[in-house]
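Here is what each chain is made of, one letter per residue.
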Amino acid sequence: MGLLTFSINVTLDGCVDHQEGIADDETHAFFTRLMDETGAMLWGRVTYEMMESYWPAVARGDEEVPPAIREWAVKLEAKSKYVVSSTRKTFLWTNSHLIAGDLRRGVLRLKDATPAGVLLGSSKLATELDRLDLIDEYKFLVHPRIAGHGPTLYQSGLPSTRRLELISAEALRSGAVAMHYRRAR
């Protein structure tokens, strides 16, 4: 069974608004490496639709972007993408698949079918999956910013504190820090 890894950009005050992170080549290279290390992506519908509205055009070359961003887009295009949704049933973006019905069962099946692991990139979905005790690792890119607004990480709360074990921490040139934690079980 593959690991489920939650990874997201977050500011020092916990903001996970995608516009608040530092979007430089090093950041994109970091997330490209994470994607390369896993077998599939997992998102909630809202995050999926945000990604779907931009990245396929970048992969096709319809957008003028730096090489690191194009590399991310091309690899994302080829990657299996799974979406948790109760409202949307069809997905036109290449290699996109629906997870419907019982969330626990659907994600466990995905983890079981993906030995290379699954990369989760939706904060609201992460809260639900953490409540179900399904997240194995956390790889946060903590940006040296205080946003002063939300949405914030685990905004709707968890039933109990999660104890984590630090695996690694790496500072990027921008001042962001890549933090890798594993659940202490």
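Preceding this section is the structure that the text describes.
So, here's what we can say about the structure. As the structure is a computational prediction, the values presented were derived from the model and not from experiment.

Further remarks concern the side chain of K79. Here K79 shows up in the loop between α4 (67-78) and β3 (80-84). In this structure, K79 is buried with no salt-bridge partner, the nearest side chain bearing the opposite charge being D36 at 5.7 Å. Residues within four places of K79 in sequence aside, it is in contact with M35, T38, G39, A40, M41, T94 and N95.

With that settled, the discussion passes to the packing of aromatic side chains. Per the stated rule, a full pass over the model turns up 10 aromatic pairs. With a centroid separation of 6.0 Å and an interplanar angle of 75 degrees, the aromatic rings of W55 and W72 are classed as edge-to-face. Of this pair, W55 sits in helix α3 (residues 55-60) while W72 sits in helix α4, and the two are 17 residues apart along the sequence. The buried category is assigned to W55, whose relative accessible area is 10%. For W72, a relative accessible area of 8% puts it in the buried group. Grouping aromatic residues by their ring pairs yields a cluster made of F6, Y138, F140 and Y154. Directly above the aromatic system of W93 lies the positively charged group of K81, at a separation of 4.7 Å from the ring centroid.

The rules we used
Residues numbered from 1 in each chain as written. Predicted model: local features only at pLDDT ≥ 70, side-chain atom pairs only at ≥ 80, totals over all residues. Heavy atoms only, no water. Helix = DSSP H or I, 4+ residues; strand = E, 2+ residues; numbered from the N terminus. Buried < 20%, exposed > 50% of the residue type's maximum accessible area, 1.4 Å probe, protein only. Lys, Arg positive; Asp, Glu negative; His and termini not counted. Salt bridge = Lys/Arg side-chain N within 4 Å of Asp/Glu carboxyl O. Contact = heavy atoms within 4.5 Å. Phe/Tyr/Trp six-rings, centres within 6.5 Å; stacked < 30°, edge-to-face > 60°. Lys NZ or Arg CZ within 6 Å of the ring centre and 35° of its normal.

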